[in-house]
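Here is what each chain is made of, one letter per residue.
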Amino acid sequence: MPQVGLSDALRQAERHLAAGELAPAEQIARALVQQHPRSAEAFDLLGQIAERVRDFAAAADWYAHAIEQQPAQRLFHYHLGNAHRLAGRFDRAVAAYREALRIEPNYSDALVNLGIALASAGQRDDAIGAWQAALRLDPNDADALTNLGSVYREMGRLGDAIDYTERALRLRPGQPWLLTNLANAYAQQGCPDRAIELYRRAVAAAPKSAATHSNLLIELMFQGSASPAEIFDEHRAWARAHEEPLRGAIRPHANDCRDPNRRLRIGYVSADFRQHVVSFFFEPILQHHARERFEIFCYSRTPVADEYTRRMQSYGHTWREIFALRDVQVADMIRADGIDILVDLAGHTAHNRLSIFAHKPAPVQASYLGSPGTTGMSAMDYRITDAVNDPPGLTERYYTERLIRLPRCAWAFRPWDHAPPVAPAPPLRERGDVTFGSFNRSSKISDATIATWSRLLQRTPESRLLIRWRSMADDGARRRLFARFADHGIAAERLEARAGSPTIADYLADYAHVDIALDTFPYNGVTTTCDALYLGVPVVALEGDFHAARIGATLLRAAGLDELVARDAEDYARLGSELASDPQRIEQFRHSLRPRIESSPLLDGASLARAIEDAYREMWRTWCATQ
């Protein structure tokens with residue numbers, strides 16, 4: 001074929017690709033590489049086609065062939081970087097983008113995507129540098145503005161996050177992802193009404209985006225402005241929008257039920273098999289699963305493996321990487337693996353894969369950990385819980401799932417690696433007055449929480465309150481927080497808002513500066529409560545009337561600390577003030593809490609694994625009885 005013919009064929013294939021007609025595009029491109037084995041453009045085209053169907057390994061191979069033919073073509077290196085980034089191979093992506101930039105230093109697209117790869121690999125400062133370089137080339141680069149807004153929000157620089165995101169929104173009005181980012185920033189800055197308004201706008205702008213809708217659900221639970229019934233209705237609306245359209249994909253299951261006591265295949269789906277709060281509560285189960293009765297599969301959407309990932313992999317269970325796979329591909333994989341019971345560990349939290357469960361790839365499906373409530377889905381059969389989190393007769397109406405209550409606390413946690421020893425004395429010994437503290441995320445500090453903490457501070461006039469969260473690095477967030485306390489008569493001098501160091505060691509060390517930890521409500525803390533207790537700091541919690549508002553009570557009761565569980569806001573203030581007036585009791589807690597926790601169900605992963613395995617067996621026998 002003469003060169004003009006090659007060009008015409010390439011243009012024809014590109015038109016097919018632009019129209020989403022992948023089969024004819026691929027047919028032409030494959031013919032071209034046979035006839036013109038040195039055509040870099042044909043190899044690149046095959047890479048783009050493979051990328052469209054999310055076969056990123058094949059895409060990377062095709063792009064590498066294109067580079068072999070034209071190593072000085074920046075576009076091919078850029079495409080190679082995209083394939084590696086989308087597959088979660090961030091180090092390789094960074095190398096490819098840097099090569100594209102070596103060829104063309106002012107290549108703005110490569111700068112933006114280099115920043116994304118660097119941020120995904122945990123190199124935040126270098127990512128910011130790449131995006132700022134893109135803005136120097138074009139101050140109206142919407143992608144650079146968007147990414148800077150996201151990373152500044154993660155850093156607690158909320159004013160900067162709002163500024164960059166609003167600049168991007170002016171360039172791309174109504175863009176759902178930008179509305180969501182802006183809502184996240186306002187939520188952390190203490191503007192819940194504004195945040196919820198923006199989340200609703202994002203949902204309206206992207207009615208088919210399940211992730212966007214999930215963000216709204218989580219924020220509604222945080223703030224406590226919506227009733228449990230209203231939150232449940234919103235979860236059902238999510239399911240109507242995002243689960244019901246997939247019901248046609250559900251097929252009958254052929255799992256063997258002849259022996260309901262046989263070895264079962266259990267699958268877990270999560271994006272958080274890494275240093276993440278979900279893993280702190282999941283790893284003890286994974287470590288203690290009975291291999292002779294259960295075969296375990298972990299379907300991991302985790303973007304970057306870390307030491308926690310590698311340790312969980314070392315337990316020898318089957319590991320499947322699903323980061324780069326579409327939901328339908330994962331559902332087919334789960335069916336092929338013959339999974340009997342599939343367990344979601346995310347709920348509606350970030351990067352969830354609930355749409356996999358909508359395909360019903362396993363005959364029995366259950367929700368556990370993740371967000372503290374229902375998924376809203378009819379395809380989710382069970383929610384694993386306990387009788388303190390969900391007392392019989394109290395919370396069933398807020399779930400689409402059947403509640404299966406374990407005979408013990410539904411959680412056990414693994415303390416942080418290298419957790420420091422308990423501080424020898426509470427800070428009141430040196431200061432002479434009591435320091436209350438909360439290290440929960442600022443979005444959980446509801447108006448009801450502020451009012452109750454203020455009542456407690458008024459009852460203990462010499463006390464102070466330390467609030468630690470990354471959003472406290474933002475002047476606007478601090479001012480709003482102090483103003484909310486001022487509305488209840490609490491002066492700013494009695495408050496300390498600390499952004500804290502991003503390192504885990506510094507976070508844990510800061511518990512040494514707290515005498516009594518205060519739980520938030522109606523959305524309780526989880527890891528922060530366990531961390532406080534493990535570090536010798538007693539926690540006061542309020543026991544509410546739905547799951548998210550009962551977590552603190554569940555953890556405290558499991559540790560044998562029923563006396564720190566309040567019935568209502570008045571009781572909360574009373575318990576806190578009585579404890580604050582008893583320095584000897586605070587000292588006793590400082591020395592007794594860790595050994596108490598270590599001998600309690602909260603650190604008994606083996607017991608929890610047996611209880612959950614018994615629950616799985618009950619689920620399975622129930623399903624078999626219906627076949």
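The rules behind the values
- Residues numbered from 1 in each chain as written.
- Predicted model: local features only at pLDDT ≥ 70, side-chain atom pairs only at ≥ 80, totals over all residues.
- Heavy atoms only, no water.
- Disulfide = S-S within 2.5 Å.
- Helix = DSSP H or I, 4+ residues; strand = E, 2+ residues; numbered from the N terminus.
- Buried < 20%, exposed > 50% of the residue type's maximum accessible area, 1.4 Å probe, protein only.
- Pairing = 2+ DSSP bridges.
- Contact = heavy atoms within 4.5 Å.
- Axes fitted to C-alpha atoms, helices over the stretch in contact; angles between N-to-C directions.
- Parallel < 35°, antiparallel > 145°, perpendicular 65-115°, else oblique.
- Left-handed = near helix turned anticlockwise from the far one by under 90°.
- Nonpolar A, V, L, I, M, F, W, Y, C, P; charged D, E, K, R; others polar.

Novice: Explain the state of the cysteines residue by residue, including any values.
Specialist: Taken as a whole, this structure holds 1 disulfide when the rule is applied. Linked covalently through their sulfurs, Cys 257 and Cys 624 form a disulfide whose S-S length is 2.3 Å. Taking the torsion about the S-S bond as the criterion, the Cys 257 to Cys 624 disulfide, at about -80°, is left-handed. Placement of the pair is Cys 257 in the loop between helix H14 (228-242) and strand E1 (264-270) and Cys 624 in helix H27 (residues 605-625), with a sequence separation of 367 residues. Free cysteine: Cys 530, not disulfide-bonded; nearest cysteine sulfur from Cys 409 at 8.0 Å. For Cys 530, a relative accessible area of 1% corresponds to the buried category.

Novice: Describe unusual backbone geometry, listing the residues and the values that go with them.
Specialist: Each neighbour pair has its own omega, and for Phe 521 with Pro 522 the value is 10°, a cis peptide bond. For Lys 360, which is not glycine, the phi torsion reads 50° and is therefore positive. The residue Lys 360 is located in the loop between helix H18 (354-358) and strand E5 (364-367) in this model. Since its relative accessible area comes to 10%, Lys 360 is described here as buried.

Novice: Before we move on, can you summarise the sheet that holds strand E13 (residues 565-566) with the specific residues and values?
Specialist: If you walk across this open sheet you meet the 6 strands as E10-E9-E8-E11-E12-E13, and the pairing is parallel. Because the sheet does not close on itself, it has two edges, and the strands there are strand E10 (495-498) and E13. Strand contacts of helix H25 (residues 569-580): strand E8 (435-438), strand E11 (516-518), strand E12 (539-542) and E13, with the helix running at about 170° to E12, the strand carrying the most contacts.

Novice: For the packing of helix H10 (residues 158-171) against helix H11 (residues 176-188), give the residues involved together with the corresponding values.
Specialist: One can describe the packing of H10 onto H11 by two numbers: an axis separation of 9 Å at closest approach and a directional angle of 160°. Classified by the interaxial angle, the pair formed by H10 and H11 is roughly antiparallel. Crossing of H10 against H11: the hand is left-handed. In this structure, H10 uses Leu 158, Ala 161, Ile 162, Thr 165, Glu 166, Ala 168 and Leu 169 to contact H11, whose residues at the interface are Leu 178, Leu 179, Asn 181, Leu 182, Ala 185, Tyr 186 and Gln 188. Residues that form the contact of H10 with H11 fall into these classes: 10 nonpolar, 3 polar and 1 charged.

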